[in-house]
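One letter stands for each residue in the lines below.
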Amino acid sequence: MVLIEFGLPNRMVEWVITCVTTVSYSLVINGGLTERFQAKKGLRQGDPMSPYLFVLVMEYLNRSLKQLRYDPNFNYHPKCSRQELVHICFADDLIMCCRADKGSIQLMMKAFEHFSSVSGLQANLDKSSFYVAGVTDEFRDQILQEMRFTLGEIPFKYLGVPLSSRKLTIQQCMPLVEKIIARIRCWSSKLLSYSGSNESSRKALVAWDNMCLPKAAGGLNIINFEQWNKAAICKLLWSLSHKKDTLWVQWIHSFYIKTRNLADLVTPKQACWLVRKIFDARKWFPNTDPITHLAQFSVGGRFSIKQAYFSFIPQLPRVPWRNLVQSKGALPRHRLLLASDCKIDWLRIDGCKWGVQVSQSCVLCNTLEVETMEHLFFGCRYSRFVWHTLLHWVGLQRRIGTWAEEIGWLSKAVNNNRPRANILGFIATATVYTIWVERNARRFQAKARSNVQLIRDIILQLHSRGQNQSKWSRMLHSLNSYPV
């Protein structure tokens, strides 16, 4: 009957009825299957047609409840009359509301019972509650006896969010906040902690401002959630002027905006913090009309949060070493260390500001040379031997220069997707990382390896990485030996 009401062809209705009425089941008892028996109602579990039929059935309920607006004996809830709102439905969670008089309640329940008789769907009384205010106890008890619902108390949860007749308090929002914080702690303890625990003293120090920069500017392109939240609020502000068919937009227009201009409207103090936050977003565009400014981020009637987010991110110049740090095949830990070295304009190793007395002489070549970045990675005879040997091993003859010269040359050399460039990028990032690890092992653990051992370790890492890079196999086959 529901399908016929929607005007579907009789042939299609027959197909749907056949699918519904031919469902059968078989049980497994003691390892064997019983004879199949016919189901009384419903589809097979997991039937792909089930959600479509459910949507059609709920649309019938939606239309049935909307017919109440034409009944002069039905009265809307005081806060829902401007939108002519009778119900809110999300999947199988339904809220029906009307004024607390017997006639309106009976009409609403009559429409729902008609839907039940047509579709066969019944309300679960154990999961249904009745909320009422501003009536006498006798009237409330009478309605509860007739409807057979349990009396609920406000606030209550709908779709996991607390609903209240007043502004939500911190205590009412805390369960939701605690769930979000628990997920963040779980993620941070795994990825941002040295020990994998929640001990604050062992948390890794992360420069989020640098990490959120685009890769071309030397960052990791991690989303800056503060700026992303601003872009998401801008979408809500844009919706207030372009999505007037949406329920929440209609509600804000009827209670706060009315017939006034959104750009010139004073933020209503009596509104909840969420509505005030949307109105206050206009302050981010002080010298222009915010609605006109936000129109540039909409295409085909859809607002792009991504485009708005990029407009809030400062446009920084590209760093010259981005190609080297982003070279394909390089390990993440190698990239991260090289990016950190390229960003920090440090001239010498100095632990005084942390209260640690550190010798400034180079521990790799055991000379009195000051351990600067220039000397440690390219000036030290220990490091220069490693670079000379590895570059000669891949067929490159080059005089090792300063840090800026070598990083600039390497960035140009790896600026293509050929296997030779990828291998050179891996060797460069791995060499910087391995030299730094060797320096720390000598300075803090009194452990030392020769430069030959260091070279062989880098070559082993290269061949291990090459197992996952099919395009490298031909060149790696020709490099299948140690240079020293």
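Up top is the structure.
Report follows, based on the coordinates.

Definitions and limits used
Residues numbered from 1 in each chain as written. Predicted model: local features only at pLDDT ≥ 70, side-chain atom pairs only at ≥ 80, totals over all residues. Heavy atoms only, no water. Axes fitted to C-alpha atoms, helices over the stretch in contact; angles between N-to-C directions. Helix = DSSP H or I, 4+ residues; strand = E, 2+ residues; numbered from the N terminus. Parallel < 35°, antiparallel > 145°, perpendicular 65-115°, else oblique. Left-handed = near helix turned anticlockwise from the far one by under 90°. Contact = heavy atoms within 4.5 Å. Nonpolar A, V, L, I, M, F, W, Y, C, P; charged D, E, K, R; others polar. Buried < 20%, exposed > 50% of the residue type's maximum accessible area, 1.4 Å probe, protein only. Salt bridge = Lys/Arg side-chain N within 4 Å of Asp/Glu carboxyl O. Phe/Tyr/Trp six-rings, centres within 6.5 Å; stacked < 30°, edge-to-face > 60°. Lys NZ or Arg CZ within 6 Å of the ring centre and 35° of its normal.

### Brief notes about the packing of helix H16 (residues 381–393) against helix H18 (residues 419–444)
Part 1 of the reasoning: One way to put it is that H16 packs onto H18 with a least axis distance of 11 Å and a crossing angle of 155°. Taken together, H16 and H18 sit at an angle that is classed as roughly antiparallel. Relative to H18, the crossing made by H16 is right-handed. Judged by residue contacts, Tyr-382, Ser-383, Val-386, Trp-387, Leu-390, Leu-391 and Trp-393 of H16 engage Leu-424, Ile-427, Ala-428, Thr-431, Val-432, Ile-435, Glu-438 and Arg-442 from H18.
Part 2 of the reasoning: Each residue belonging to the contact of H16 with H18 can be placed in one class, and the counts come to 11 nonpolar, two polar and two charged.

### Details of the side chain of His-375
Part 1 of the reasoning: By the element assignment, His-375 lies in helix H15 (residues 373–379).
Part 2 of the reasoning: You can call His-375 buried: its relative accessible area is 11%.
Part 3 of the reasoning: If near-sequence neighbours (up to four positions away) are discounted, His-375 is found in contact with Cys-362, Cys-365, Glu-369, Val-370 and Cys-380.

### Thoughts on the pattern of salt bridges
Part 1 of the reasoning: On inspection of all chains with the given rule, the structure shows 12 salt bridges.
Part 2 of the reasoning: For Glu-371, the salt bridge goes to Arg-439, with nearest N and O atoms at 3.1 Å. Of the two residues, Glu-371 sits in the loop between helix H14 (332–343) and H15 while Arg-439 sits in helix H18, which places them 68 residues apart along the sequence. Just as Glu-371 is buried, Arg-439 falls in that class too.
Part 3 of the reasoning: The closest approach of N and O atoms between Arg-443 and Glu-371, which form a salt bridge, is 3.2 Å. Of the two residues, Arg-443 sits in helix H18 while Glu-371 sits in the loop between H14 and H15, which places them 72 residues apart along the sequence.
Part 4 of the reasoning: Here Glu-371 falls in the buried class, since its relative accessible area comes to 0%.
Part 5 of the reasoning: Each of Glu-438, Arg-442, Arg-449 and Asp-457 takes part in a single network of salt bridges with overlapping partners.

### With respect to the packing of aromatic side chains
Part 1 of the reasoning: Counted according to the given criterion, the structure contains 15 aromatic pairs.
Part 2 of the reasoning: The interplanar angle of 85° and the centroid separation of 5.5 Å between the aromatic rings of Phe-74 and Tyr-76 together place this pair among those described as edge-to-face.
Part 3 of the reasoning: Accessibility expressed as a relative area gives 16% for Tyr-76, which makes it buried.
Part 4 of the reasoning: Judged by centre distance (6.5 Å) and plane angle (35°), the ring pair of Phe-285 and Phe-312 falls under tilted. Here Phe-285 is found in the loop between helix H10 (273–280) and helix H11 (290–294), whereas its partner Phe-312 is found in helix H12 (residues 305–312), with 27 residues between them in sequence. Neither residue differs from the other here; Phe-285 and Phe-312 are each classed as buried.
Part 5 of the reasoning: Put simply, the rings of Phe-377, Phe-378, Trp-387 and Trp-403 touch in pairs and so form one group of aromatic residues.
Part 6 of the reasoning: A cation over a ring is seen here: Lys-230 above Trp-284, with NZ or CZ 4.9 Å from the ring centre.

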